[in-house]
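# Inside the fold
One letter stands for each residue in the lines below.
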Amino acid sequence: AVAALRRAEEALVPLAETDPAAAVDLGRVRTLLGRALYELGRPTDAAEVLLAARRGLEAAGPPAGRYLGLSLSNYGLVLHGLGRHPAADEAFVASAAALEPRLAGPPPPDGDARADLAVTLTNHGLLLSEVGRRDDARRALERAVALQAEAAAARPELRALARQE
């Protein structure tokens, strides 16, 4: 998977210089690559790739919204794993800031904004708890649970499963 993602990254780099959609795709590929590297036990490499994804997605502007938020959330996870807690905190805060505007208005076609934000808040809450910021952690986790409940309520297939239990 890493080799295929590296090939996709190589192909997208020149395109991303002039095509905003390709820039977003490059950020998405780098996010997946960073996550894969982290899962393979290469957190330092993952952090470098996710930082490149962040920079590219930030430069892409509003079209990158969801993907910037998801990339930052993954970056926060990796930084947390590396013990870089202040940087992880900043990444989770930036992730939430990128995802939050997606809650306004109709549901976006590219994924449930509530579920995306809930994942970020859950991971941020765990970090906050670990560093002793229990009240902040509780607030983040409570909001994450509420958002997940809203996201599940909006999906009829999940409501049906909940009734079966």
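Higher on the page you've got the structure.
Residues numbered from 1 in each chain as written. Predicted model: local features only at pLDDT ≥ 70, side-chain atom pairs only at ≥ 80, totals over all residues. Heavy atoms only, no water.

### Overview of the nonpolar core
Let me state the cut-off plainly: Here, nonpolar core refers to any group of buried Ala, Val, Leu, Ile, Met, Phe, Trp, Tyr and Cys residues whose side-chain atoms link them within 4.5 Å. Burial classes: relative accessible area under 20% of the type maximum marks a residue as buried, over 50% as exposed, and values in between as partly exposed (1.4 Å probe, protein chains only). Each helix is a run of H or I in the DSSP string that is no shorter than four residues. Each strand is a run of E no shorter than two, and both are numbered from the N terminus. By definition in these notes, contact holds between two residues if any of their heavy atoms fall within 4.5 Å.
By size, the foremost hydrophobic cluster in this structure holds 31 residues, and its most contacted members are Val 24, Leu 33, Leu 37, Leu 57 and Tyr 75. Listed by contribution, the elements that provide at least two residues to this core are helix H1 (2–16), helix H2 (20–39), helix H3 (43–60), helix H4 (65–81) and helix H5 (85–99). The leading source of residues in this core is H2, at eight residues. Dropping the residues within four chain positions of it, Tyr 75 is found in contact with Ala 47, Leu 50, Leu 51, Arg 54 and Ala 91. With seven residues, the next largest nonpolar core counts Leu 117, Ala 118, Ala 144 and Leu 147 among its residues.

### Some words on the side chain of Arg 54
Within the element layout of this structure, Arg 54 appears in helix H3. Arg 54 has contacts with Leu 68, Ser 71, Leu 72, Tyr 75, Glu 90 and Ala 94, leaving out every residue within four places of it along the chain.

### Observations concerning the packing of H3 against H4
Helix packing geometry: the angle between the two helix axes and the distance between the axes. Heads up, the rule is: Axis geometry follows a simple rule: fit a line to the C-alpha atoms, using only the stretch in contact for helices, then measure angles between N-to-C directions, giving values from 0 to 180 degrees. Under this scheme an angle from 65 to 115 degrees is roughly perpendicular, one under 35 degrees roughly parallel, and one over 145 degrees roughly antiparallel; angles in between are oblique. Two helices crossing with the near one rotated counterclockwise from the far one by less than a right angle form a left-handed crossing, whereas a clockwise rotation gives a right-handed crossing. The classification used treats Ala, Val, Leu, Ile, Met, Phe, Trp, Tyr, Cys and Pro as nonpolar, Asp, Glu, Lys and Arg as charged, and all other residues, Gly among them, as polar.
Where H3 contacts H4, the two axes come as close as 9 Å, and the packing angle between them is 155 degrees. When the axis of H3 is compared with that of H4, the two are roughly antiparallel. For H3 against H4, the interelement crossing comes out left-handed. Of H4, the residues touching H3 (which contributes Pro 43, Ala 46, Ala 47, Leu 50, Leu 51, Ala 53, Arg 54, Leu 57 and Glu 58) are Tyr 67, Leu 68, Ser 71, Leu 72, Asn 74, Tyr 75 and Val 78. Of the residues in the contact of H3 with H4, the class split is 12 nonpolar, two polar and two charged.

### Structural notes on H3
Because an α-helix packs 3.6 residues into every turn, residues spaced three or four apart end up facing the same way. Here is the rule: A helix is expected to span 1.5 Å for every residue after the first.
If you check H3, its first and last C-alpha atoms are 25 Å apart, about what 18 residues at 1.5 Å a residue would give, namely 26 Å. Within the span of H3, buried status applies to Ala 46, Ala 47, Val 49, Leu 50, Ala 53, Arg 54, Leu 57 and Ala 60. Buried-residue contacts for H3 involve H1, H2, H4 and H5. Positive phi shows up at Gly 61, right after H3, with a value of about 80 degrees.

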